[in-house]
Amino acid sequence: MRVVGLMSGTSMDGIDAALIETDGETVAWLGPSITRPIDAETRALLVTAMEDARGVNHRDDRPGALAEAERRITDLHAEAVRALLEPLRLTPGDIDLVGFHGQTVIHRPDARLTVQIGEGQRLATALGIPVVADFRAADVAAGGQGAPLVPVFHQALVRRLTLPQPVAVLNVGGVANVTVIDGDAPPIACDTGPGNALIDDFMKARTGVPFDADGRAAAAGQVDAARVAAVLEDSFFRQPPPKSLDRNAFRRSAGERMGLAWLSLEDGAATLTALTAASVAAVVPFLPRPPAVWIVAGGGARNPTLLAMLAQRLGAEVRTADKVGWSGDALEAHAFGYLAARSLRGLPLTFPTTTGVAAPMTGGVLFRP
Ligand SMILES: Nc1ncnc2c1ncn2[C@@H]1O[C@H](COP(=O)(O)OP(=O)(O)OP(=O)(O)O)[C@@H](O)[C@H]1O
Ligand SMILES: CC(=O)N[C@H]1[C@@H]2OC[C@@H](O2)[C@@H](O)[C@@H]1O[C@H](C)C(=O)O
């Protein structure tokens with residue numbers, strides 16, 4: 001199948017759209033991708049929608065700004081698909097399927113609640129292509145964490161490489177998540193903790209720019225190890241995998257525990273970057289054996305200061321996804337194309353070792369144009 005995968009991640013910086021050819025088992029081709037930036041006005045609407053989502057008790061509730069945000073985000077995804085296809089001289093008729101993740105506005109698996117806004121039917125009708133959406137709902141309803149979903153895709157990609165095992169695939173987006181693959185054993189996976197979200201929020205508050213470009217501020221600062229250790233006291237880091245996080249999970253507690261207000265821009269950025277690296281390293285003691293190689297994807301792979309801190313704390317080889325022939329920026333979009341193909345074939349998306357669901361579970365809802 002020729003599939004377009006779509007991801008709008010927790011960083012809310014853009015919508016990634018990527019082409020992939022797959023039968024939902026093996027990956028035949030990782031095709032080109034684009035990012036359609038999310039404008040400041042839409043980002044502000046999404047931030048409001050996330051606030052309003054705190055009042056959601058049922059996954060179909062759309063209080064406050066949520067309904068408007070959902071329509072807007074759906075239409076931007078339709079634009080992203082067109083922007084991907086046009087320069088490739090492809091039309092919707094050339095595409096078999098779309099995998100549409102949507103925007104997570106609340107994730108509380110403990111309450112069996114996870115909401116990704118995005119109307120599958122509206123997108124299918126707009127594009128004239130079948131769409132699979134709502135990838136997390138079935139897993140959460142069955143008692144799983146509903147995240148991470150990418151491990152089965154990471155496993156399919158790692159099978160194509162010759163690398164010393166175990167191999168860890170680390171995605172550093174707003175939240176960071178890892179998949180550890182050791183031969184044919186079921187992959188072990190979890191969210192590791194904050195990825196870029198706390199760094200982005202801190203940089204936005206201090207400079208107005210919502211990220212630490214190329215890790216420059218962090219590179220010029222001093223890490224406050226005691227502050228990092230204070231956040232790692234949180235019970236989340238003592239839990240073994242599988243486990244997942246809401247984007248805003250550590251927002252308040254980290255700010256308070258770290259006393260960020262007292263740190264300079266550079267020291268704050270360095271300390272938050274070290275927190276991301278340390279929380280990844282905190283997973284290693286829970287693994288049967290430490291990974292020999294770490295492949296890093298997501299926006300965090302563009303931050304050399306973070307990559308250096310990871311290499312130091314993990315004591316293992318750290319490579320970027322681009323170095324192994326994947327697209328670090330589009331890996332999640334490729335993943336949702338792959339997961340859509342699996343969904344169409346009724347293949348499992350989640351497993352006891354990836355989301356804690358009791359038995360392998362398929363997921364996703366199909367919308368026809
Ligand atoms: N050149 C760069 N230097 C430093 N950080 C960068 C750079 N480019 C991107 N980033 C970081 O990566 C983030 C975006 O990452 P990404 O697109 O992987 O996140 P996401 O997909 O939205 O999140 P998630 O994986 O949690 O859903 C930005 O918000 C920024 O913090
Ligand atoms: C609830 C939710 O949207 N979680 C995202 C988020 O962003 C990164 C991390 O937290 C990850 O577990 C998940 O996304 C990836 C794509 C996943 O499910 O594998």
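See the structure printed just above.
As the structure is a prediction and not an experimental result, all values here were calculated from the model.

**Here's the deal with the environment of alanine 18**
Reasoning step 1: Structurally, alanine 18 is set in strand S2 (residues 14–22).
Reasoning step 2: In this structure alanine 18 comes out as buried when scored by relative accessible area, which is 0%.
Reasoning step 3: Spatially, the C-alpha atoms of alanine 18 and isoleucine 34 are 6.6 Å apart, while their sequence positions differ by 16 residues.
Reasoning step 4: In this view, alanine 18 contacts Val3, Val4, Gly5, Pro32, Ser33, Leu84, Ala330, Ala333 and His334; residues no more than four positions away in its chain are not counted.

**Considering helix H10 (residues 265–281)**
Reasoning step 1: Here H10 contains 17 residues, and its C-alpha end-to-end distance of 24 Å stays within 8% of the 24 Å for a straight helix at 1.5 Å per residue.
Reasoning step 2: Judged by how many residues are buried, H10 sits mostly within the fold: 14 of 17 residues are covered.

**With respect to the site of ligand 1**
Reasoning step 1: In the vicinity of ligand 1 lie 22 residues, with Thr10, Asp200, Asp214, Gly299 and Glu332 positioned nearest.
Reasoning step 2: Between ligand 1 and the protein, one listed contact pairs an oxygen atom with a side-chain N or O atom of asparagine 171 at 3.2 Å.
Reasoning step 3: One of the backbone nitrogen or oxygen atoms of valine 175 is found 3.1 Å away from an oxygen atom of ligand 1.
Reasoning step 4: Burial of ligand 1 by the protein chains amounts to 87% of its free accessible area of 660 Å².
Reasoning step 5: For the shell around ligand 1, a count of residues per class yields five nonpolar, eleven polar and six charged.

**Quick notes on the site of ligand 2**
Reasoning step 1: Not every one of the 16 residues close to ligand 2 is listed here, only the nearest: Thr104, Arg136, Leu149, Val150 and Asp191.
Reasoning step 2: One of the backbone N or O atoms of valine 150 is found 3.0 Å from an oxygen atom in ligand 2.
Reasoning step 3: Burial of ligand 2 by the protein chains amounts to 97% of its free accessible area of 440 Å².
Reasoning step 4: Elements with a minimum of two residues in the shell around ligand 2: strand S5 (103–108), strand S9 (175–181) and helix H12 (331–344).
Reasoning step 5: For the shell around ligand 2, a count of residues per class yields seven nonpolar, six polar and three charged.

**Brief notes about the environment of methionine 203**
Reasoning step 1: Relative to the helices and strands, methionine 203 resides in helix H6 (residues 197–207).
Reasoning step 2: In this structure the C-alpha to C-alpha distance between methionine 203 and alanine 213, which are ten residues apart in sequence, comes to 9.7 Å.
Reasoning step 3: Excluding residues within four positions of it along the chain, methionine 203 makes contact with Gly208, Val209, Pro210, Phe211, Asp212, Ala217, Leu265 and Ala269.

**What to know about the nonpolar core**
Reasoning step 1: Counting residues in each nonpolar core, the largest one holds 43 residues, and the members touching the most others are Leu170, Val178, Leu272, Trp294 and Leu310.
Reasoning step 2: For this core, the element with the most residues is H10, which contributes nine residues.

**Some words on the packing of aromatic side chains**
Two descriptors summarise a pair of aromatic rings, namely the distance from one centre to the other and the angle between the planes of the rings.
Reasoning step 1: Applying the stated criterion across every chain, the model contains three aromatic pairs.
Reasoning step 2: Ring centres of phenylalanine 153 and tyrosine 338 lie 5.3 Å apart, and the angle between their planes is 50 degrees; this geometry places the pair in the tilted category. Here phenylalanine 153 is found in helix H5 (residues 151–159), whereas its partner tyrosine 338 is found in helix H12, with 185 residues between them in sequence. Comparing phenylalanine 153 with tyrosine 338, the two get one shared label, buried.
Reasoning step 3: Between phenylalanine 236 and phenylalanine 237, the aromatic rings sit 5.4 Å apart at their centres with planes inclined by 90 degrees, giving edge-to-face as the arrangement. We note that phenylalanine 236, like phenylalanine 237, is buried.
Reasoning step 4: For lysine 243, the ring lying beneath its charged end belongs to phenylalanine 236, and the centroid distance is 4.4 Å.

Calculation criteria
Residues numbered from 1 in each chain as written. Chains lettered and ligands numbered in written order. Predicted model: local features only at pLDDT ≥ 70, side-chain atom pairs only at ≥ 80, totals over all residues. Heavy atoms only, no water. Helix = DSSP H or I, 4+ residues; strand = E, 2+ residues; numbered from the N terminus. Buried < 20%, exposed > 50% of the residue type's maximum accessible area, 1.4 Å probe, protein only. Contact = heavy atoms within 4.5 Å. Expected span 1.5 Å × (residues − 1). Near = heavy atom within 4 Å. Polar contact = N/O pair within 3.5 Å; in protein donor to acceptor, adjacent residues only side chain to side chain. Areas by Shrake-Rupley, 256 points an atom, 1.4 Å probe, with all protein chains shown as cover. Nonpolar A, V, L, I, M, F, W, Y, C, P; charged D, E, K, R; others polar. Core = buried A, V, L, I, M, F, W, Y, C linked by side-chain atoms within 4.5 Å. Phe/Tyr/Trp six-rings, centres within 6.5 Å; stacked < 30°, edge-to-face > 60°. Lys NZ or Arg CZ within 6 Å of the ring centre and 35° of its normal.

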